[in-house]
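If you want the building blocks of each chain, they are given just below.
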Amino acid sequence: MARRGRAEADRGVLPAEGAVPGSGIAEAADAGHLAPGWLRLGRDGRLTAYASCAEGLVRWTESLPGSDVWSGPELFPVDGWPGRFTLAQDHNGFVWFAANLHRDAAPGGRELVVAAQYQTGRPLGDWRSLGNPFPERGEEPQPEPGEPVVLPDGAGALHVLATRFGSGVRGRTRGPDGAWGTWQDYQGKWVRGAVAPLVTSQGRAEFLSPFRGGAAYWSQGAPDGGFRWLGRMEADAVEGSYSSFETAPGSGTYFWRHPADGSVVAHRPQAAVGRPPAFMPLGGAGGVGPVGVTRARINGYDCTVLLQRGAEGHPEIAAYPTEGEQYGAWWAPVGDRCAGLPAIARDARGFVTIAMLDTDGGLRIARQDPADQGLAFLPWTRVG
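It should be emphasised that the depicted structure is a prediction, and the values quoted were computed from it without experimental measurement.

**Quick look at the overall build of the protein**
Line of reasoning, step 1. A tally of helices and strands in the protein yields one helix and 30 strands.
Line of reasoning, step 2. In terms of overall dimensions, the protein is globule-like: its C-alpha atoms have a radius of gyration of 20 Å, near the 21 Å expected for 384 residues.
Line of reasoning, step 3. Per-residue burial for the protein yields a buried fraction of 54% across its 384 residues.
Line of reasoning, step 4. Contacts spanning at least 24 positions in sequence make up 45% of the contacts within the protein whose residues lie at least 6 apart.
Line of reasoning, step 5. Per element, the accessible surface of the protein, about 16400 Å² overall, is 50% carbon and sulfur.
Line of reasoning, step 6. Positive and negative charge centroids in the protein, built from 36 and 41 side chains respectively, lie 3 Å apart.

Put into structure tokens, the structure is as follows:
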């Protein structure tokens, strides 16, 4: 299936102002500051990679679709930058970022902020403060909040979801008209970590709210509706290991790691009529963090492709027929040791592209071999 790159090449990298030392990027990645899904395809067909360093957000951008010449790393400094951030992409191709900043003047000493990149390669918009969703002060020190998550729906609304253990899940929505509502309470007092978001091709948004031993399931009834609690599942999971992907029209599959050995588990809350929801093992024991997920045609079949950082710190890849978890998944190493989590996306031609940060903080890309009907990759290329 997958194989290691036969050789590596350093291609021309366009110089960029505001570049940062690679050691700072690698250090942040190894500290867990790479956002899940940090490789994104823009509406113009160019890929963009996002990372973090002590001073702010870092970005690399393809010069042309499918090119091995990229600009970056470019630094976007942010005062009070915490290192950790999340990102999401809406149906217009806008990339949204969210983070909890440390601000002495803010309630509780922190504030949740969001910003957007409206076009590939263009500067970010201004960071907008949404306040502190958990301004309450108690006699005892309060737990650190989870990373905020941006969840855009198909009706043009933008939902920002924040979590804190002991307080629960709270959300604030910007409507299609651009007006922001107030913070809403989505319960889940014992939530652990960030919510796991999903948007279907029909535009309906949903999320899992994890707690110890399970997760609560919330979903819109329609893209322009509010979130409703639809039940809970009982399943142990490693905190911070959730990811998701739409695997059938209107239906998503969630993935997480089992605490016993770090192996990947798949689950569909909206199981087919007559079939009970199941927890389906997919191997990958020893891996860390959330898996990257995409879908691609392999040997003519619609397959789900998973990417993880394996036990030895190398990217590992697996594939199986979509929603055919019963057939199992076989993992194979596909690169050298990486800093933080690798990322996966499909490029403008529909080919699977995997990205990693090397131990020097450089960006490396490997693309699916178009001459191979299976899931083989061309050599890794250092592009930034």
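On we go.
**As for the sheet that holds strand S23 (residues 288-298)**
Line of reasoning, step 1. Read from one edge of the open sheet, four strands run S23-S24-S25-S26, paired in antiparallel fashion. Only two strands of the sheet have a single neighbouring strand rather than two, namely S23 and strand S26 (332-333).
Line of reasoning, step 2. Here strand S25 (residues 315-321) pairs with S26 via two bridges, running antiparallel. Note on S26: the bridge partner recorded for Glu316 is Pro333.

**Section: the sheet that holds strand S21 (residues 264-267)**
Line of reasoning, step 1. Across the sheet, four strands lie side by side as S19-S20-S21-S22; this open sheet has antiparallel pairing. Edge positions in the open sheet fall to strand S19 (243-248) and strand S22 (279-281), since each of these has one partner strand only. Taken over all neighbouring pairs, the strand axes of this sheet differ in orientation by 30° on average, direction set aside.
Line of reasoning, step 2. Two strands pair when backbone bridges link them, and S19 and strand S20 (residues 251-257) are joined in this way by five bridges, in the antiparallel orientation. By the bridge assignment for S20, Ser243 is matched with Phe255.

**A short note on the confidence of the model for the protein**
Line of reasoning, step 1. For the protein, the mean per-residue pLDDT works out to 91, and 92% of the residues sit at or above 70.
Line of reasoning, step 2. Counting contacts from residues 2-17, a segment whose pLDDT is below 50, to residues more than four positions away or on other chains yields 53 contacts.

**Some points on the environment of Gly362**
Line of reasoning, step 1. Here Gly362 is to be found in the loop between strand S28 (352-357) and strand S29 (363-367).
Line of reasoning, step 2. Gly362 gets classed as buried once you look at its relative accessible area, which sits at 1%.
Line of reasoning, step 3. Placed 160 residues apart in sequence, Gly362 and Gln202 show a C-alpha to C-alpha distance of 37 Å.
Line of reasoning, step 4. Setting aside its immediate chain neighbours within four residues, Gly362 contacts Met356, Leu357, Arg382 and Gly384.

**A closer look at the nonpolar core**
Line of reasoning, step 1. Trp38, Leu39, Val58, Trp60, Trp70, Leu357 and Leu363 are the most contacted members of the largest nonpolar core, which has 23 residues in total.
Line of reasoning, step 2. Those elements giving two or more residues to this core turn out to be helix H1 (22-30), strand S4 (47-52), strand S5 (56-62), strand S6 (70-77), strand S27 (339-346), S28 and S29.
Line of reasoning, step 3. Excluding anything up to four places from it in sequence, Leu357 contacts Ile25, Ala29, Leu34, Trp38, Ala51, Trp60, Cys338, Ala339, Gly362 and Leu363.
Line of reasoning, step 4. Among the nonpolar cores identified, the runner-up in size contains 17 residues, and Leu307, Ala319, Val334 and Trp380 belong to it.

**Some thoughts on unusual backbone geometry**
Line of reasoning, step 1. Of note, the amide linkage connecting Gly72 to Pro73 takes the cis form, showing an omega dihedral of 10°.
Line of reasoning, step 2. Note that Pro73 resides in strand S6.
Line of reasoning, step 3. The phi dihedral of Gln187 falls on the positive side, at around 60°, and the residue is not glycine.
Line of reasoning, step 4. Examined against the element boundaries, Gln187 turns out to sit in the loop between strand S14 (184-185) and strand S15 (196-199).
Line of reasoning, step 5. Even without glycine at this site, Asn299 takes up a positive phi of about 55°.
Line of reasoning, step 6. Looking at the element boundaries, Asn299 is found in the loop between S23 and strand S24 (301-309).

**Side note on the pattern of salt bridges**
Line of reasoning, step 1. Tallied over the full model, the rule gives 17 salt bridges.
Line of reasoning, step 2. Here Arg204 makes a salt bridge to Glu206, at a shortest N to O gap of 2.5 Å. Accessibility classification places Arg204 together with Glu206 in one group, the buried group.
Line of reasoning, step 3. Connected via shared salt-bridge partners are Glu62, Asp68, Asp347, Arg349 and Arg367.

**Comments concerning the pairing of S6**
Line of reasoning, step 1. With seven of eight residues buried, S6 is to be regarded as a mostly interior element.
Line of reasoning, step 2. Bridge count between S5 and S6: six bridges; the pairing is antiparallel. Counterpart to Glu62 in the pairing with S6 is Trp70.

Parameters and conventions
Residues numbered from 1 in each chain as written. Predicted model: local features only at pLDDT ≥ 70, side-chain atom pairs only at ≥ 80, totals over all residues. Heavy atoms only, no water. Helix = DSSP H or I, 4+ residues; strand = E, 2+ residues; numbered from the N terminus. Rg over C-alpha atoms; globule rule 2.2 N^0.38 Å. Buried < 20%, exposed > 50% of the residue type's maximum accessible area, 1.4 Å probe, protein only. Contact = heavy atoms within 4.5 Å. Areas by Shrake-Rupley, 256 points an atom, 1.4 Å probe, with all protein chains shown as cover. Lys, Arg positive; Asp, Glu negative; His and termini not counted. Charge placed at Lys NZ, Arg CZ, Asp CG, Glu CD. Pairing = 2+ DSSP bridges. Axes fitted to C-alpha atoms, helices over the stretch in contact; angles between N-to-C directions. pLDDT = per-residue confidence, 0-100. Core = buried A, V, L, I, M, F, W, Y, C linked by side-chain atoms within 4.5 Å. Salt bridge = Lys/Arg side-chain N within 4 Å of Asp/Glu carboxyl O.

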